[in-house]
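Secondary and tertiary structure notes
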Amino acid sequence: MAEDPTLSLRVSEIKDPTVLFERYGTAEIRRVERRVRGEIEQKKEELRQMVGERYRDLIDAADTIGEMRQCSESVVRSIQDMQRYCLRLKQSPAGPSRRGPEVSGQWQEKFYTMASQIKLLLEIPERIWSAMEASQYLQATQLYLLCCHLHGLLQLDAATGGHYSPVLTRFPILVRQVATTGHFRSTILLDSRSLLRGRAVSDQAIAEALVSTMLLEDSSPRQALADFLLARKASIHQLLNQPQHGAGIKAQVCSLVELLVTTLFQAYAVFYLPPEGGARPGEATLSCGMLFSILENVTSTTPGAAKGRKVLQEDTSTSSWFKYLPPSITAFQPALRTLAQPIQREQLRDSLQQWITTCKEDISRGVGGLLVYVKSLKGLAAIRDAVWDLLSTDSISQHWSSVCQRLLEQRLAVWDDFLQQLFLQRLQAITREETEAISASSVQLLTSALRDLERQSLHPSTATNPISGRGAQYEVDVASFLWSESPGDLLSDASWVSVSQRGQQQQKSGLAMKTQALTPCVQNFCSSLDAKLKARLEDLQHYLPSQDVGSDSVSQTASGPTEGLFDSSFNRYTDSPAVEEALREGCLACVHHILSAIRCELASASPNPSQARLSSVLFMARLCQSMGELCPNLKHCILGKQMGCEATSRGTPRQGKKLGKSRTAPEVSPAEAKWTGLKEELLNCSMEAYRIWSSALSKVLLDKFGKCLHAESAGAILRTATNWEDLEIQEEAESGTSVTSKIRLPVQPSWFVQSLLFQLCVEVNRVGGHALPRPTLQELLQTCLGQALQYYHNLAQQAHDTESVFPMTQNRALQLLFDLRYLNTTLGRKMEEGKSSRSHQDPRFQEVCDWLESYIDPFDLDVFTLPLSTNLSRLTQRTSVLLGLLTGSEKQFGQRSSSVNSQEAYNVLPLASSQIRFGLLPLSMSNVRKPKSSPQSSSGIPQQLVQSPAAISDDSFRPGSLFRQLADQDEDAAAAAPSLFKLSWLSSMAK
């Protein structure tokens, strides 16, 4: 289909219709016609819409054109009237020539007077602005009041009916001048009140600003005092609420204190009037009553008082037109409508007291909010010291007491009343937050260490960190830590620094840690806690007096407020006890939190602890046992730095021995009582953990022991049998002849008894038995002995009740009796002087012994008793080295019985009378010193030194006691050979 050619034809291109008829046909021309008619209708519609929308604008434009025509016609008529009026003036005769010279002179003088007033009125705004730029608001106020006075004289105020005054009619420039001067009052009031808020403003400027306010508002001195105090309160609010953009909190607090002190000084200088009689002697440097003196000079109408305070006095000789001003202007003085009555002292005191009370509440909220941003005690101390320096300046401290006494009739302590409690509360909050953070991190470290120990116990080869894995391994097996070598076993200065010269705060050697069985995990935990407490203690020292400052503060406090030099300052260290108490309570709460976490772990492990949990229990036991010693800063935090150092210096063992017994015990301070209570809690927690370990250990070992003891098969009984000894004895027959017979007696305990004791010894030494608390070791031995007696007692009961498969024979009874007595000798408690051995024995022991002896022939029992006791004593001495700590020093070193044949070459090794560092290390007694008075035996064998158990002091069980004993022996023996322990460096190492 062909495209219609008329579609591409534009209507604007149709210029000649003839061309259309020549080019297109009839149908095409009709289509063109329809297109043209459609566009015509569209344009008509657009025209109608445009006319409807713009009709209002057209009407407004027509009205404006009409007004312009009327205005132009009015202007033309006015110009024509002026032309006619000027023409008449030219044609009329001259009038003023007929007046007299007198009337002309008076008219001229009035004109000059009015002109000079108008001239002054035109200059006053510029002078007011100059005075305000120089902050001379009183002068600006006087000029403004003079301007108002000129308005009244010239009658520049609008008359009734809204018409201008005659002067304004003749001088239209004054209309704008009157409108300009109307804004000066509010501007002067605003700037004067803003001046009252400043801190570095002189008393004279404050008094002049208050006088300006009084003159402008026609107020009383009491209202001026209220305005002054309100302005200062607003300034305090501005200081407290200003944004923290680099402005330090110390600067804000110091500015606040300075504003508070300056307000009272300026209240005294501006409002206070001394009683009749003038100023007091010696106080002429403090001016007072400036408000009333300035107000009197400004408003007084007497010639003498107003001589130097006239508003326009300085300009009388500079301008020629000043002589035409009337006297009411040249001698103008502002005046108050009401008489300015002085403020009564009671009213001044009450107003200031109320203002101080209100400011105290605002300062308490504002400064408390500012101190939240102080995160350390060092920052608090810096702010406090800055306030102290400010209040100790001569300009404040010299007259502060007298000013407060006159204004408030009492002394105002700025620090004590406003800031001290806020600082103390913030200090307590910081201390509480930091100690809580320390306790939380310590508990987290404890939990992490316990989990590592459990993983190491369950999977020894899966340690990710070799160092932490080795530390956990040492916790599981302390013996491996004790017998391992490390570079830190001896300190680098051990050769030339003795123990007496080495302070408590210095680092201890690795050997010292091993003597106390303090494993690396315990050392790491305690060192971490001690470092955090040391940081807290060092931060606290900034708030406490140093050694030299403390005496100054004490002497300053003792001198009292009689010295005027330090009246306004304060003792910075009056709250030192409260500060130390805050740290003390925080540290106690921190340790109690750690102890509660430890007790929770112990409670979860106490019913049936596994082997993995036992390592954790022992770790917590050693931790509680050593925390007080490895954390010296904990002691300083609780006792205080100075008291802790004194307690450390007077707590050495050698000094304690030199003290006389007749001295009474010193009084215990509350801090020392708390420290003692904390040590007891740590010790109790440690003993509780050790008790869990000892009960679990005894249960495991004694269960095996009971199974072997209650075995009823012949094979099981034979497997536990040991070697017996053949002895020849001589007996006297009835005929008087000597009869030799051979008997067999046990010389060794049963295998299960030996296994029990050996396994017990191994377990004790595996956990560092030499460092175990003596009550714990005694409790472990007594528990084992009690349970063993119970098994023996149960065996006796079973034998009475039922008939055993394997009957009790005499030989088995002898072996069990030997085992029982050996266990009782090895594990039983020592005998004290004055008490029999039966007082400590369990009644079950005698019952079981009687039961076993009932199976032995009485005649044989009488024969066997003495050799059996000899074998038992010999066995005890032989196994004392092997069993080590189980036997105890009071049992293994007694003198051998004289009944033993001296010719028997028994392999018995005597041991030293003091417990050495490691219980399994034998040491011969051949070098032990004999007392000088002890006689030598005839055979030449030295008599063994007998030491009663009561004479053994606790010092002999401390690490290194043996070396000290040997050193003392070598010092006392004059004829002895030079000893190695005489060398000071080795002696100090041993100690």
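Considering the overall build of the protein chain
For the protein chain, the helix and strand inventory stands at 37 helices and 2 strands. Across the 991 residues that make up the protein chain, the buried fraction comes to 41%. In the protein chain, the share of contacts with a sequence separation of at least 24, taken over all contacts with a separation of at least 6, comes to 78%.

Description of the pattern of salt bridges
With the rule as written, the count across this model stands at 27 salt bridges. Ionic pairing is found between E217 and R193, a salt bridge with its closest N-O pair at 2.5 Å. Linking E217 in helix α8 (residues 203-217) with R193 in helix α7 (residues 184-196), this pair joins segments that are 24 residues apart in sequence. For the salt bridge of D539 with R536, the shortest nitrogen-to-oxygen distance reads 3.0 Å. Note that D539 and R536 are positioned in helix α21 (residues 520-541) at a spacing of 3 residues, about one turn of the helix. Since its relative accessible area comes to 8%, D539 is described here as buried. What emerges from the salt-bridge pattern is a single network uniting R451, E454, E601 and R613.

Quick word on the confidence of the model for the protein chain
In this model, the protein chain carries an average pLDDT of 76, and 72% of its residues clear a pLDDT of 70 or more. Segment residues 651-662 is flagged for pLDDT under 50; beyond a separation of four residues in sequence, or across chains, it makes 6 contacts in the model.

Here's the deal with helix α14 (residues 377-391)
The end-to-end C-alpha distance of α14 is 21 Å, a good match for the 21 Å that 15 residues give at a rise of 1.5 Å each. Of the residues making up α14, those classed as buried are L377, L380, A381, I383, R384, A386, V387, W388, L390 and L391.

Concerning the packing of helix α28 (residues 670-709) against helix α30 (residues 751-766)
When two helices pack together, their arrangement is captured by the angle between the axes and the distance separating the axes. Running from N to C, α28 and α30 cross one another at 165°; their axes reach a closest spacing of 10 Å. By the angle class used here, α28 and α30 are roughly antiparallel. Viewed along their axes, α28 and α30 form a crossing whose handedness is right-handed. Two secondary-structure elements touch here, α28 through W693, L697, L701, L702, F705, C708 and L709 and α30 through F752, V753, L756, Q759, L760, E763 and V764. Of the residues that constitute the contact of α28 with α30, the class distribution is 12 nonpolar, 1 polar and 1 charged.

Points about the nonpolar core
Formed by 217 residues in total, the largest nonpolar core has its most connected members in F271, L419, F619, W693, F705, L760 and L823. With sequence-adjacent residues up to four places away left out, W693 is seen in contact with L614, V617, L618, E763, V764, V767, L772 and L780. Within the second largest apolar cluster, 6 residues are counted, among which are Y474, F481, L482 and A771.

Considering the packing of aromatic side chains
Within the structure shown, the criterion is met by 9 aromatic pairs. Ring-pair connections join several aromatic residues into one group, and the members of that group are F705, F752, Y791 and Y792. Looking at K360, its charged tip hangs above the ring of F418, at a distance of 5.6 Å from the centre.

Observations regarding a nonpolar patch on the surface
A cluster of nonpolar residues, W107, F111, Y112 and Y324, forms a patch on the protein surface that exposes about 430 Å² of accessible area. Topologically, F111 is positioned in helix α3 (residues 101-133). Classification of F111 by relative accessible area gives partly exposed; the value is 40%.

What about unusual backbone geometry?
What is expected of a backbone is that most residues other than glycine have negative phi and most peptide bonds are trans. One non-glycine residue, S135, lies in the positive phi region at around 60°. Considering the arrangement of structural elements, one finds S135 in the loop between α3 and α4 (137-154). Among the residues examined, S135 registers a relative accessible area of 38% and is labelled partly exposed. A positive phi angle, near 55°, is found at D218, a position not held by glycine. With respect to the helices, strands and loops of the structure, D218 is situated in the loop between α8 and α9 (221-241).

A look at the environment of G510
In this fold, G510 is placed in helix α20 (residues 510-515). Exposure remark for G510: the relative accessible area of 15% places this residue in the buried category. For G510 and P487, which are 23 residues apart along the polypeptide, the C-alpha to C-alpha distance reads 8.3 Å.

A few points about the side chain of S750
Position of S750 among the secondary structure elements: in the loop between β2 (738-746) and α30. Residue classification places S750 among the buried residues on the basis of a relative accessible area of 3%. Here the side chain of S750 touches D819 through a polar contact of 2.4 Å, side chain to side chain. If we ignore the near neighbours within four places in the chain, the residues touching S750 are T720, T722, Q815 and D819.

What to know about the environment of E581
Here E581 is to be found in helix α23 (residues 576-605). Exposure remark for E581: the relative accessible area of 27% places this residue in the partly exposed category.

Considering the pairing of strand β1 (residues 724-732)
With 9 bridges joining them, β1 and β2 adopt antiparallel strand pairing. Counterpart to E728 in the pairing with β2 is K742. The loop that links β1 with its antiparallel partner β2 comprises 5 residues; one of these, G736, has a positive phi angle of about 95°.

Quick notes on the rules
Residues numbered from 1 in each chain as written. Predicted model: local features only at pLDDT ≥ 70, side-chain atom pairs only at ≥ 80, totals over all residues. Heavy atoms only, no water. Helix = DSSP H or I, 4+ residues; strand = E, 2+ residues; numbered from the N terminus. Buried < 20%, exposed > 50% of the residue type's maximum accessible area, 1.4 Å probe, protein only. Contact = heavy atoms within 4.5 Å. Salt bridge = Lys/Arg side-chain N within 4 Å of Asp/Glu carboxyl O. pLDDT = per-residue confidence, 0-100. Expected span 1.5 Å × (residues − 1). Axes fitted to C-alpha atoms, helices over the stretch in contact; angles between N-to-C directions. Parallel < 35°, antiparallel > 145°, perpendicular 65-115°, else oblique. Left-handed = near helix turned anticlockwise from the far one by under 90°. Nonpolar A, V, L, I, M, F, W, Y, C, P; charged D, E, K, R; others polar. Core = buried A, V, L, I, M, F, W, Y, C linked by side-chain atoms within 4.5 Å. Phe/Tyr/Trp six-rings, centres within 6.5 Å; stacked < 30°, edge-to-face > 60°. Lys NZ or Arg CZ within 6 Å of the ring centre and 35° of its normal. Patch = residues over 30% accessible without salt bridge, like charges linked within 9 Å, V, L, I, M, F, W, Y side chains within 5 Å. Areas by Shrake-Rupley, 256 points an atom, 1.4 Å probe, with all protein chains shown as cover. Polar contact = N/O pair within 3.5 Å; in protein donor to acceptor, adjacent residues only side chain to side chain. Pairing = 2+ DSSP bridges.

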